[in-house]
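Report on the structure
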Amino acid sequence: MFNKLETLDDLLEMQLKDLYSAEKQLVKALPKMAAKANDPQLRQGFETHLQETENHVARLEQIGEALDISLGGHTCKAMEGLIAEGQETMSERATDEVMDAALIAAAQRVEHYEISGYGTAAHYAERLGHSKAAAILRQTLAEEQNTDTKLNTLAKSYINAKAL
């Protein structure tokens, strides 16, 4: 992907390309997760996060334009692996309750990866003086953290108990 990484600018570009690929992959995966979810609140959560994820893609494109970075041409291998694991889990025979708990676990792995990536990219952008890009990245970071919190609340409040 990169011939050399010599500056923080190079690292920011790498982070943005990685996040862009990850979000594009997630746009394809979330409808499958929503379809597999049995709990109505969980299904709605996946559908809502799909809309947010489409906005995340658009925000990254906005940042790429502003910084004159072409975001395409890279595949986020980590997201590819997380989605593959999630698909493997969805193909397992499981009760509805256990499947919902498994979907939450898979989704939280994805969220934690995205939280890490957005936090890093926002820090780099801020350090490089790209305050508008940093603000946009922090907005997305907050949404990813909120999604993780919602998933955690669903799991702890009743879904995991139903899976016992």
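We now examine the overall build of the protein. In terms of helices and strands, the protein carries five helices and zero strands. Over its C-alpha atoms the protein spans a radius of gyration of 17 Å, differing by no more than 12% from the 15 Å that the globule rule assigns to 164 residues. When its C-alpha atoms are laid out on the principal axes, the protein stretches across 50 × 25 × 20 Å. Burial statistics for the protein: of 164 residues in total, 43% are counted as buried. Carbon and sulfur atoms provide 49% of the accessible area of the protein, an area that totals close to 8800 Å². Separation between the mean location of the 17 positive side-chain charges and that of the 26 negative ones in the protein comes to 2 Å.

Tracing the backbone through its elements, the reader meets threonine 147 in helix α5 (residues 131-162). Overall, the relative accessible area of 11% leaves threonine 147 in the buried class.

Quick look at the pattern of salt bridges now. Taken as a whole and judged by the stated rule, the model has three salt bridges. For glutamate 143, the salt bridge identified is with arginine 59, shortest N-O distance 2.9 Å. On the criterion of sequence distance, the pair formed by glutamate 143 in helix α5 and arginine 59 in helix α2 (residues 40-67) is long-range, its members being 84 residues apart. Like glutamate 143, the residue arginine 59 is buried in the burial classification. Here glutamate 126 and arginine 138 are joined by a salt bridge, their closest N and O atoms 3.0 Å apart.

Over its 32 residues, helix α4 (residues 96-127) runs 46 Å from end to end, which matches the ideal 46 Å to within 8%, given 1.5 Å per residue. Immediately downstream of α4, the backbone of glycine 129 shows phi near 85°, a positive value.

Our next topic: α2. With 28 residues, α2 should reach 40 Å at 1.5 Å per residue; the first-to-last C-alpha distance of 40 Å fits that figure. Among the residues making up α2, those that are buried are Leu42, Phe46, His49, Leu50, Glu52, Thr53, His56, Val57, Arg59, Leu60, Ile63 and Gly64. Among the structural elements, α1 (8-36), α4 and α5 are those in contact with the buried residues of α2. Following α2 by one or two positions, aspartate 68 adopts a phi angle in the positive range, close to 55°.

Parameters and conventions
- Residues numbered from 1 in each chain as written.
- Predicted model: local features only at pLDDT ≥ 70, side-chain atom pairs only at ≥ 80, totals over all residues.
- Heavy atoms only, no water.
- Helix = DSSP H or I, 4+ residues; strand = E, 2+ residues; numbered from the N terminus.
- Rg over C-alpha atoms; globule rule 2.2 N^0.38 Å.
- Buried < 20%, exposed > 50% of the residue type's maximum accessible area, 1.4 Å probe, protein only.
- Areas by Shrake-Rupley, 256 points an atom, 1.4 Å probe, with all protein chains shown as cover.
- Lys, Arg positive; Asp, Glu negative; His and termini not counted.
- Charge placed at Lys NZ, Arg CZ, Asp CG, Glu CD.
- Salt bridge = Lys/Arg side-chain N within 4 Å of Asp/Glu carboxyl O.
- Expected span 1.5 Å × (residues − 1).
- Contact = heavy atoms within 4.5 Å.

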